[in-house]
Amino acid sequence: MSPVYCALVHHPVVDRGGEEVSTSVTNLDVHDIARSARTYGLRGYFVVSPIEAQYPVVQRILDHWREGSGKNRFPERAEALSIVEISSSVDDAITRVEAREGQPPRLVATSAQSGVGRTSYELEAARLIREPQPTLLLFGTGHGLSESLLRRADTVLEPIQGPTDYNHLSVRAAAAITLDRLLGRNSRPKDPI
Ligand SMILES: C[S@@+](CC[C@H](N)C(=O)[O-])C[C@H]1O[C@@H](n2cnc3c(N)ncnc32)[C@H](O)[C@@H]1O
């Protein structure tokens, strides 16, 4: 089984006009994705931002829930937030995974857009069961991961699609659905491919 990590990328991502930008970290993304990551057994959740001015904000959220009154009142939240790390770049997150696991992770990116060569969840779920190489799942903020990051990824998953043409999931919802499709007990492939 591949040890799985995820990263919420605040740079490089694109804005509405397709320009490469850095976005701000939000409290809810730190919290909710940590809870999903812990539920699905991820080894770590990197909040990736090059903006050092954001670090104290994230650290305050982590400290509040990992220590003191937050931890006493909601110990399960402390447990989820214990896997969160602030990271300056995707490369920094890759280096940390490699240091821990002994080999660099495969980069598996997500996108709301369809495109050539997207991989199905079934194939990726089967690979996670089969392969020992670690995996770093990349989720975007703003209007999604930059083209450069999508090109760099080893795999880009097909977009999650509902029965309507409305295609505006929050990254928190998309992350939870992705983790369930790849790692959920009742989503596991019956006959690994
Ligand atoms: C607000 S969305 C950005 C939507 C953007 N238009 C895109 O192409 O990814 C931010 C992130 O949520 C995730 N996401 C949102 N909708 C998704 C979908 N339908 N399928 C897969 N991931 C999705 C992706 O990680 C995306 O980078």
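Residues numbered from 1 in each chain as written. Predicted model: local features only at pLDDT ≥ 70, side-chain atom pairs only at ≥ 80, totals over all residues. Heavy atoms only, no water.

*Asks:* I'd like to hear about the side chain of arginine 127, residue by residue, with values.
*Replies:* Looking at the secondary structure, you find arginine 127 in helix α6 (residues 121-130). The class of arginine 127 is buried, set by a relative accessible area of 7%. Among the polar contacts listed, one links the side chain of arginine 127 to the side chain of threonine 135, at a separation of 2.9 Å. (Helix = DSSP H or I, 4+ residues; strand = E, 2+ residues; numbered from the N terminus. Buried < 20%, exposed > 50% of the residue type's maximum accessible area, 1.4 Å probe, protein only. Polar contact = N/O pair within 3.5 Å; in protein donor to acceptor, adjacent residues only side chain to side chain.)

*Asks:* Mind laying out the packing of helix α1 (residues 27-39) against helix α2 (residues 55-66), listing which residues take part and the relevant values?
*Replies:* The interhelical angle for the contact between α1 and α2, taken along N-to-C directions, is 45°, at an axis separation of 10 Å. Classed by the angle they form, the pair α1 and α2 counts as oblique. Between α1 and α2 lies a crossing of right-handed hand. From α1, Asn27, Val30 and His31 reach across to α2, where they touch Ile61, Leu62 and Trp65. A breakdown of the residues in the contact of α1 with α2 according to their chemical character gives 4 nonpolar, 2 polar and no charged. (Axes fitted to C-alpha atoms, helices over the stretch in contact; angles between N-to-C directions. Parallel < 35°, antiparallel > 145°, perpendicular 65-115°, else oblique. Left-handed = near helix turned anticlockwise from the far one by under 90°. Contact = heavy atoms within 4.5 Å. Nonpolar A, V, L, I, M, F, W, Y, C, P; charged D, E, K, R; others polar.)

*Asks:* How would you summarise the pairing of strand β4 (residues 44-48) if you had to cite specific residues and measurements?
*Replies:* Buried residues dominate β4, accounting for 5 of its 5 residues. Of the two faces of β4, the one holding Gly44, Phe46 and Val48 and the one holding Tyr45 and Val47 are both buried throughout. Two strands pair when backbone bridges link them, and β4 and strand β5 (residues 84-87) are joined in this way by 4 bridges, in the parallel orientation. Bridge assignment links valine 48 to a residue of β5, and that residue is serine 87. (Pairing = 2+ DSSP bridges.)

*Asks:* So what about the packing of α1 against helix α8 (residues 171-183)? Which residues, and what values?
*Replies:* The interhelical angle for the contact between α1 and α8, taken along N-to-C directions, is 10°, at an axis separation of 9 Å. In terms of orientation, α1 and α8 fall into the roughly parallel class. Across the interface between the two elements, Leu28, Asp29, Asp32, Ile33, Ser36 and Ala37 from α1 touch Val171, Arg172, Ala175, Ala176 and Leu179 from α8. Looking at the contact of α1 with α8 residue by residue, the classes come out as 7 nonpolar, 1 polar and 3 charged.

*Asks:* Can you explain the site of the ligand? Please cite residues and give values.
*Replies:* Neighbouring the ligand are 16 residues; Thr110, Ala112, Gly140, His143 and Ile160 lie closest to it. The backbone of isoleucine 160 places a nitrogen or oxygen atom 2.9 Å from a nitrogen atom of the ligand. A distance of 3.4 Å separates a nitrogen atom of the ligand from a polar atom in the side chain of asparagine 167. Burial of the ligand by the protein chains amounts to 87% of its free accessible area of 540 Å². Sorting the residues of the shell around the ligand by element identifies β7 (135-140) and α8 as the ones contributing at least two each. (Near = heavy atom within 4 Å. Areas by Shrake-Rupley, 256 points an atom, 1.4 Å probe, with all protein chains shown as cover.)

*Asks:* Lay out the pairing of strand β6 (residues 106-109) with the relevant residues and their values.
*Replies:* Residues of β6 alternate between two faces, with Arg106 and Val108 on one and Leu107 and Ala109 on the opposite face, all of them buried. Looking at chain direction, β6 and β7 are connected through 4 bridges and run parallel. For valine 108, the partnering residue across the bridge sits in β7 and is leucine 137. The parallel pair β6 and β7, bridged by α6, forms a crossover whose chirality is right-handed. (Right-handed = clockwise from strand over helix to strand, strands pointing away.)

*Asks:* So what's going on with helix α5 (residues 90-101)? Which residues, and what values?
*Replies:* If you check α5, its first and last C-alpha atoms are 16 Å apart, about what 12 residues at 1.5 Å a residue would give, namely 16 Å. As for α5, its buried residues are in contact with β1 (4-9), β4, β5, β6, β7 and α7 (147-152). Positive backbone phi, approximately 85°, marks glycine 102, located one or two places after α5. (Expected span 1.5 Å × (residues − 1).)

*Asks:* Quick one: what's the story with the packing of aromatic side chains, residue by residue and with numbers?
*Replies:* Each pair of aromatic rings is reported with the distance of its centres and the angle of its planes. Under the counting rule described, the total for this entry stands at 2 aromatic pairs. Here tyrosine 5 and phenylalanine 46 contribute two aromatic rings whose centre-to-centre distance is 6.1 Å and whose plane-to-plane angle is 20°, an arrangement assigned as stacked. With tyrosine 5 in strand β1 and phenylalanine 46 in strand β4, this residue pair connects regions lying 41 residues apart in the sequence. Neither tyrosine 5 nor phenylalanine 46 differs from the other in exposure class; each is buried. (Phe/Tyr/Trp six-rings, centres within 6.5 Å; stacked < 30°, edge-to-face > 60°.)

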